[in-house]
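Structure assessment
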Amino acid sequence: PAKHKTPRRRASSLLDTLKKETFDKLKNGRQWPDFRSGDAIEVKRLPYTTALEPDVLKGVVIARTNRGADSSVTMINVEFGTPIVRQVNIYNPLIADVKVLEKAFIHDGKKRVRRSKLYYLLDRDPQEYAV
């Protein structure tokens, strides 16, 4: 008598392969540069699907969430004297390009940031994270 996988395991592996397929389709061959918390990045995002010129969003990465197709980046920047916190899904089809402006921007590129989430920057002086 051959043993079979339990239905839950079989369904879970099927769901996993489906997720991987949709993620590969969503990636569409795009490769983003390697960045982490504390880096200053520039995201070019189209405001709508038929737009010709992308909007440029700059900021310091304060958090990164890796969840396959739902991966997102939380970034903070000062615009017109006001701190702005944005959460951007990096595999959104409207994202045209992601570029790293400076590694370890918080420490002026001199040493790496040793935290994965930098929410403490919200309480600090906005000039520390102005890109």
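Above this text sits the structure in question.
Scoring rules and cut-offs
- In this convention, every chain numbers its residues from 1, walking through the sequence in written order.
- Local features in this predicted model are restricted to residues of pLDDT 70 or higher, and side-chain atom pairs are both shown and tallied only at a pLDDT of 80 or more, whereas totals for entire chains, interfaces and linings draw on every residue.
- Side-chain metrics in this entry use all non-hydrogen atoms of the structure; hydrogen atoms and water are not considered.
- Secondary structure elements are defined from DSSP: runs of H or I of at least 4 residues count as helices, runs of E of at least 2 residues count as strands, and each element is numbered from the N terminus.
- Exposure classes here rest on a 1.4 Å probe applied to the protein chains alone. A residue is buried below 20% of its type maximum, exposed above 50%, and partly exposed in between.
- Polar contact criterion, stated in full: a pair of N or O atoms within 3.5 Å, where within protein one must be able to donate a hydrogen and the other to accept it, and residues adjacent in sequence count only if both atoms are side-chain atoms.
- Two strands make a pair as long as DSSP finds a minimum of two bridges between them.
- Axis angles are defined between N-to-C directions and span 0 to 180 degrees, where every axis is a line fitted to C-alpha atoms and, for a helix, only to the segment in contact.
- Aromatic pairing here means that ring centres of Phe, Tyr or Trp (its six-membered ring) are within 6.5 Å. Orientation follows from the plane angle: under 30 degrees is stacked, over 60 is edge-to-face, and everything else is tilted.
- Residue contacts follow a heavy-atom distance rule, with two residues in contact if any of their heavy atoms lie within 4.5 Å.

What follows is about the side chain of D39. Within the element layout of this structure, D39 appears in the loop between α1 (7–27) and β1 (40–45). For D39, a relative accessible area of 2% puts it in the buried group. Of the polar contacts made by the side chain of D39, one reaches the backbone nitrogen of R36; its length is 3.0 Å. One polar contact links the side chain of D39 to the main-chain amide nitrogen of A104, over a distance of 2.9 Å.

Read across the sheet, 5 strands follow the order β4-β3-β2-β1-β5 without closing on themselves; strand pairing throughout is antiparallel. In this open sheet, the two edge strands, each paired with only one partner strand, are β4 (82–89) and β5 (95–102). Strand-to-strand, the axes of this sheet are offset by a mean angle of 35°, without reference to chain direction. Strand direction decides the pairing type here: β1 and β5, joined by 6 bridges, are antiparallel. When the sheet's bridge partners are listed, A40 is paired in β5 with E102.

Enumeration over the complete set of coordinates arrives at 1 aromatic pair. Ring geometry for F23 versus Y91: centroids 5.0 Å apart, planes at 90°, classification edge-to-face. One end of the pair, F23, is in helix α1; the other, Y91, is in the loop between β4 and β5, and 68 residues separate them in sequence. With a relative accessible area of 12%, Y91 lands in the buried category.

Quick look at the environment of L94 now. By secondary structure assignment, the location of L94 is in the loop between β4 and β5. A residue is classified by how much of its surface remains accessible, and L94, at 23% relative accessible area, is partly exposed. Sequence-distant contacts of L94, defined by excluding residues within four places in its chain, comprise K44, R45, L46, Y48 and T49.

Turning next to the environment of A11. Within the secondary structure, A11 sits in helix α1. C-alpha of A11 to C-alpha of R115: the two residues are 104 residues apart in sequence and 37 Å apart in space.

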